[in-house]
Amino acid sequence: MIAYLIRRLLYAVPILIGVNLLTFALFFVVNTPDDMARMQLGIKRVTPEAIRQWEQQKGYDKPLFYNRAADGMGRIADTIFWQKSASMFMLDFGYSDDGRNISREITTRMWPSLAIALPTFLIGLIFYVNFALVMTLFRATLLDRTGVALCVVLMSISSLFYIIGGQFLISKLWHLVPISGYAGGLNSFRFVVLPMVIGVVSGIGSSSRWYRTIFLEEMGKDYVRTARAKGLSEPAVLFAHVLKNAMIPILTGVVVVIPLLFMGSLLTESFFGIPGLGSYTIDAINAQDFSIVRAMVFLGSLLYIAGLMLTDISYTMADPRVRLS
Amino acid sequence: MNFMPVILWSDALVFLLIAAGIAMVWYVRRHEYLLLPWRRVGESSVAMVCLLVLSCFLLVGLLDTLHYRAALKQGAYSPEVLSVFDKLAEPLRLHVEKTYSAPFALTLYAKESTLDSQGRVVRAYSRLKYGGAGLSDVSGRDADVARRAAAGALTGLLMGGLMLWAVKARRRAVVVAFLVICALAGATADLAGAYHVLGTDKVGQDVLYLSLKSIRTGLIIGTVTTLVTLPLALFLGVAAGYFRGWVDDLIQYIYTVLSSIPSVLLIAAAVLMMQVTMDTHPDWFATSASRADLRLVFLCLILGMTSWTGLCRLLRGETLKLREMEYIQAAQSFGVSSMRILSRHIVPNVMHIILISLVMDFSSLVLAEAVLSYVGVGVDPSMISFGTMINAARLEMAREPVVWWALASAFGFMLTLVLAANLFADSVRDAFDPRLNRS
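The present account deals with the structure reproduced in this document. (Residues numbered from 1 in each chain as written. Chains lettered and ligands numbered in written order. Predicted model: local features only at pLDDT ≥ 70, side-chain atom pairs only at ≥ 80, totals over all residues. Heavy atoms only, no water.)

**Notes on helix H14 (residues 277-286) of chain A**
Within an α-helix, residues lying three or four positions from one another point in the same direction, as the helix has 3.6 residues per turn. Of all ten residues in H14 of chain A, eight are buried; the element is thus mostly enclosed. If you check which residues of H14 of chain A are buried, you get Leu277, Gly278, Ser279, Tyr280, Thr281, Ile282, Ala284 and Ile285 of chain A. Packed against the buried residues of H14 of chain A are helix H6 (102-137), helix H13 (266-272) and helix H15 (290-318) of chain A together with helix H10 (263-280) and helix H14 (338-375) of chain B. Where H14 of chain A terminates, the next one or two residues include Gln288 of chain A, which has phi positive at roughly 55°. (Buried < 20%, exposed > 50% of the residue type's maximum accessible area, 1.4 Å probe, protein only. Helix = DSSP H or I, 4+ residues; strand = E, 2+ residues; numbered from the N terminus. Contact = heavy atoms within 4.5 Å.)

Right, here's the structure in full:
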């Protein structure tokens, strides 16, 4: 398994290089640093000196890929690509427009994100799976049909509605918890609970329906018939046999997002004023801070690839027949 | 001529889609085996009612796509680009109040300082300029609303009934749904001339007008995006599955790279870069409408470029399975060329996957537009869309009393559109999915 994981890690390298090149092309080739300088400094009445100064400040005054002026390693190292893009492999994301170290911001901001995203994820998962199991247990009855109809309606509602509606109902009308904000430590509970509830509710529709499909597919298999023939009750068949066998498709969709929980959710965090990575990203987008957006794109794909590897490992734990080699 | 037709980029793409749609219908009608799954869709009442609702949205969107510039005097044309829908809904468009007013209100939402007849300053709710303007007695509003609603609904029912009689519709659910829609449309049309049925927004624009205008933006995002997704996913997916080897490796590499970036971030990065390009080249756009329109087209392009990977993976898997089938091997041993095998034997057999995934994607794209506009990487702020409506109205929930109507209308219209699309997509999937066994 160790050998397999090392090979997977090596596979990840070209993908990350691809992501790196893609973001580099998006941010530096589609628009030259000159365009960006003009954009940041105001479109009209920008002197060439101001542009040059801005580029020098940011370190954008170097050639893109190959520096003829330098010698030795400097020809490659003293370029925008090497200093701004390749350095991300060392998790060095450089500085944002307001002069802060992006890597340090990320390490402090990921904890509030995690404080919201992790409980939402866990409670959501348990709730959706159980709801789907109940629908499967009562399949083809009125309960199941109502459940499915409810799911379709819930998944047709915009996620913005859940957030705005939830904030309005729970915080403004009932005054149960603060509308937005965040505090560290145990105090954070007051602030976490509403985004968590909204996060869980907004996922009911699509997730429960998806799990129900998985369970129904398993219900048609031979081992279920065998289990019933043994005289097992329907709930026993469902919870002991079907749930276990449905683990593989469930894990495929679920484990991959676990590392991404660090990134938080853009919408939730910006609506609730949570100082996590999601609101960091959305602020960067609104302020057009390209170095932060670039860093988040790279971090996102790094975590996604980590999630894919975790998925493989989880298979071996859920199903002893799976051998990674 | 007293108008000049204008074809914006998005209009052209819509016409292209309509042409493709007509060609598809014509082709399917000539082939019985292709018609069969559609017959199954047609048997479902839910699907037909949803189709009816969707066609109403489509009609509004299409009318809003026929753009023109009205003639001024001396052969010059107005710089304002209007659509046929704008012309039809002229009272809605021109009845602009000062600021917020609630649905069916006769007065503004907030008190205003005005001078009364003796020249003193009084703070009072002033009457709206257009909402209920014909009404002399304020207390007669409810009766007037009821009278207009009943008259409009009756006219709508009558016209709907005539139409149904002309086409000899039978299915009860469809007939009932059609009549309900006709009655609603009739009542709304009658009321909208005299009142603001869904209230007005911050700058006094009629919310009903804004909601109806948003439909086109949502539909374009949901449909034009497929013009990008479909060819990319189809060519690359089928090529990867059929040729294997280095072609497969390369294509897999491309889509793994693209799909490993969280989609919102990728879209945000691409849109930000597009903004820089558009800001540094202001000379590309003649009018502000063409600028907003081009941004919409670019947004569709970006959404398409980032969302083809899922479909591509599905098509690759299916092609891998198909190429091992006997009939493909037979064709290969007869020396049929790869291009011909692909176009005659592989592509027609993956069409159901494409169709299912396109109808399923539509609703998520409509929903995504609102989220992207909120994040700040959606449509142009000057373009009317569900996202910009929600964005403008969301802070008003903190007011006292609450300004709820703009948000409620945007969410309501969006829910109706997406729900109908979701239910229709489910029926299409059930009818086309060969895995579902039916006798």
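**A short note on the pattern of salt bridges**
All names here are of chain A. Here the structure, examined in full by the defined rule, presents 27 salt bridges over all chains. In this structure, Glu105 and Arg109 form a salt bridge, with 3.2 Å as the shortest nitrogen-oxygen distance. Taken together, the residues span about one helical turn, with Glu105 and Arg109 both in helix H6 at a distance of four residues. Glu105 sits in the buried class, given a relative accessible area of 16%. The class for Arg109 is buried, based on a relative accessible area of 19%. (Salt bridge = Lys/Arg side-chain N within 4 Å of Asp/Glu carboxyl O.)

**Some points on unusual backbone geometry**
Glycine aside, residues mostly have negative phi angles, and peptide bonds mostly take the trans form. Even without glycine at this site, His175 of chain A takes up a positive phi of about 50°. Position of His175 of chain A relative to the elements: it lies in the loop between helix H8 (159-173) and helix H9 (188-219). The backbone phi angle of Phe104 of chain B is positive, close to 60°, even though this residue is not glycine. With respect to the helices and strands, Phe104 of chain B occurs in the loop between helix H5 (90-94) and strand E4 (112-115). Judged by its relative accessible area of 23%, Phe104 of chain B is partly exposed.

**Looking at the interface of chain A and chain B**
Taken residue by residue, the interface counts 47 residues in chain A and 46 residues in chain B. Where chain A abuts chain B, roughly 3800 Å² becomes buried across the two surfaces, and 76% of that area is made up of carbon and sulfur atoms. Looking at the side of chain A facing chain B, the largest losses of area belong to Ser156, Ile164 and Ile285 of chain A, adding up to 14% of the total buried there. On the surface where chain A and chain B come into contact, there are one salt bridge. One salt bridge in this structure joins Asp426 of chain B and Arg209 of chain A, with 2.8 Å as the shortest N-O distance. The interface formed by chain A and chain B holds six residue pairs in polar contact (both at pLDDT 80 or more) in total. (Buried area = accessible area lost by both parts, 1.4 Å probe. Polar contact = N/O pair within 3.5 Å; in protein donor to acceptor, adjacent residues only side chain to side chain.)

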